[in-house]
Amino acid sequence: MRLVRFLLRYYPPGIILEYEQGSQTRTRTIDLLDLTERSNIYELVAQLQANEPLITPSKTDQVAKLLLKLQSKLSSPDKHHYNHYKTIRTHVLPVTNVSFNKSGSKFVSGSYDRTCKIWDTHKGQELHVLDGHKNVVYAVAFNNPFADKIVTGSFDRTAKLWSTETGKCYHTFKGHTAEIVCVTFNSSSTLVATGSMDTMGKIWDVETGVEMASLQGHNAEIISIQFNSLGDKIVTGSFDNTVAIWDVETGHKISSLIGHRGEISNAVISYDDTLIGTGSMDKSCKVWDCRSGQCLETLYGHTDEVLDISFDHRGKQLLSVSADASARVFDVGSYKCLATFVGHEREISKGTFNPSGKRVATASSDKTVRIWDINSGKCLQTLEGHSDEVFSCQFNYSGDMLISGSKDNTCRLWKDANSGKLAGAL
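Each value, and the rule that gives it
- Residues numbered from 1 in each chain as written.
- Predicted model: local features only at pLDDT ≥ 70, side-chain atom pairs only at ≥ 80, totals over all residues.
- Heavy atoms only, no water.
- Helix = DSSP H or I, 4+ residues; strand = E, 2+ residues; numbered from the N terminus.
- Rg over C-alpha atoms; globule rule 2.2 N^0.38 Å.
- Buried < 20%, exposed > 50% of the residue type's maximum accessible area, 1.4 Å probe, protein only.
- Contact = heavy atoms within 4.5 Å.
- Areas by Shrake-Rupley, 256 points an atom, 1.4 Å probe, with all protein chains shown as cover.
- Lys, Arg positive; Asp, Glu negative; His and termini not counted.
- Charge placed at Lys NZ, Arg CZ, Asp CG, Glu CD.
- Pairing = 2+ DSSP bridges.
- Axes fitted to C-alpha atoms, helices over the stretch in contact; angles between N-to-C directions.
- Patch = residues over 30% accessible without salt bridge, like charges linked within 9 Å, V, L, I, M, F, W, Y side chains within 5 Å.
- Salt bridge = Lys/Arg side-chain N within 4 Å of Asp/Glu carboxyl O.
- Parallel < 35°, antiparallel > 145°, perpendicular 65-115°, else oblique.
- Left-handed = near helix turned anticlockwise from the far one by under 90°.

### Observations concerning the overall build of the chain
Part 1 of the argument: In terms of helices and strands, the chain carries 2 helices and 35 strands.
Part 2 of the argument: In summary, the chain has a C-alpha radius of gyration of 21 Å against a globular reference of 22 Å for 426 residues, a match within 12%.
Part 3 of the argument: The C-alpha extent of the chain, read off along each of the three principal axes, is 60 × 45 × 45 Å.
Part 4 of the argument: Counting over 426 residues, the chain shows a buried share of 56%.
Part 5 of the argument: The contacts of the chain with a sequence gap of at least 6 include a subset with a gap of at least 24, amounting to 44%.
Part 6 of the argument: Surface exposure of the chain reaches about 18,100 Å², of which carbon and sulfur atoms provide 45%.
Part 7 of the argument: In the chain, 46 positive and 48 negative side-chain charges are present, and the distance between their average locations comes to 5 Å.

Right under this line is the structure:
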């Protein structure tokens, strides 16, 4: 093996080794999830050299400089301030979901008008209309980080796989007997998973369109589905109050996570595949060990249903948002509540960390998005302009842009004031 070059990955922190093996170029990723501003870089380099033969003593200074750059990036203060950039009137009927590609250069929107649309973020230009579903397009997802494919899930009981560049439909996945409400890709973009109101999940081959496995075992609707990073397991959350872990290759259930007393609103996996976070209508969140299926902690504090949860990029913090109009951030190591965000006037349906994990965005039925600082617990900005409930918000990879989706049939793009010229409605 011959090392070709090092690449930095900021979120989550890590370095990528590009090397040649025979006639092929390959990559290997080293995660640095515990890297902080207090880490001793040269001790870290020594640890990496002990475990990675490609990092030879001659590379010590080069690796140290890269890690110092990464450390500096992660410890720098987050100064983003968002202004309205564009309003895009995406569909005639209400929007159901929106999602960025990794870079934020494109986004996709689904709608009750039975279509999905691909947009150029910076121009606000419609690139493709993905037409073919016979009912509401409810779930959409890019195959990030590649972003050359999109999967859509519809109330017509099918999912479709599309080309981002041409808008061509590669496959229609048929087999569910009720509405499809969640879709996702595995990290290598070789498989698609779908979850349905028919109580089943299904795994599909991206290349052939063939059904690879049917996940049967829930007693009510599946409302969330996610592959782990390694791609050998998949996690589903259901209205039967349980979460299930499945073996991807066989489709067999590995374990059921039982403990919530209400319907599951979301189930998410930490980046390192060690933890599962769950939110429930029983007003609580739980953190589970992904390997054993044991509940590690129940997180209380909300006075109404928990509507969404998410991990930060490192898997060190868990965000919960609730119908009680508040959001909370918990430290996953100590399970302590680090911040409680109060200010919205109505329920919060969606919450997300920015890439650095230092700030949070929340979308609310009060027609606004709010930006919060985790360290101080203060609201830094209230993003106003939507004329109906805001149900979705998402940062791009660099964190300098935010997209919000609303029942007013528009998506609004919010951009850091220092990252370019501001524009108006389209």
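Read on for the rest.
### Quick notes on the sheet that holds strand β15 (residues 201–205)
Part 1 of the argument: Strand order in the open sheet formed by 4 strands is β13-β14-β15-β16, with antiparallel pairing between adjacent strands. With one partner strand each, in any of the chains shown, β13 (180–185) and β16 (211–215) form the two edges of the open sheet. Pairs of neighbouring strands in the sheet enclose a mean axial angle of 20°, with direction left out of account.

### Quick notes on unusual backbone geometry
Part 1 of the argument: Omega for the bond connecting Tyr11 with Pro12 falls within 30 degrees of zero, at -10°, which places this linkage in the cis form.
Part 2 of the argument: Examined against the element boundaries, Pro12 turns out to sit in the loop between β1 (2–9) and β2 (14–21).
Part 3 of the argument: The amide bond that connects Asn144 to the next residue, Pro145, takes the cis arrangement and shows omega of 10°.
Part 4 of the argument: We note that Lys283 has phi near 80°; this positive angle belongs to a residue other than glycine.
Part 5 of the argument: Backbone geometry places Asn409, a non-glycine residue, at a positive phi of 75°.
Part 6 of the argument: The topology assignment puts Asn409 in the loop between β34 (401–406) and β35 (410–416).

### Brief notes about a nonpolar patch on the surface
Part 1 of the argument: A grouping of Val92, Leu93 and Tyr112 is seen on the molecular surface, where their side chains present a nonpolar patch of about 310 Å² in accessible area.
Part 2 of the argument: In this fold, Tyr112 is placed in the loop between β6 (106–111) and β7 (115–120).

### Side note on the packing of helix α1 (residues 41–51) against helix α2 (residues 60–75)
Part 1 of the argument: Two numbers describe how α1 lies on α2: the axes approach to 10 Å, and their chain directions differ by 125°. The orientation of α1 relative to α2 falls into the category oblique. For the crossing formed where α1 meets α2, the hand is right-handed. On the side of α1, the interface is formed by Ile41, Tyr42, Leu44, Val45, Leu48 and Gln49, while α2 contributes Thr60, Asp61, Val63, Ala64, Leu67, Leu68 and Gln71.

### Let's talk about the sheet that holds strand β12 (residues 169–174)
Part 1 of the argument: Pairing is antiparallel in the open sheet, where 4 strands are placed in the order β9-β10-β11-β12. Across the chains shown, the open sheet's two edge strands, defined by having one partner strand only, are β9 (137–142) and β12. Ignoring strand direction, the axes of neighbouring strands in this sheet form an average angle of 20°.
Part 2 of the argument: Two elements, strand β10 (residues 149–154) and strand β11 (residues 158–163), share 5 bridges in a ladder whose sense is antiparallel. Each bridged residue has a counterpart across the sheet, and for Ile150 the counterpart in β11 is Trp162.

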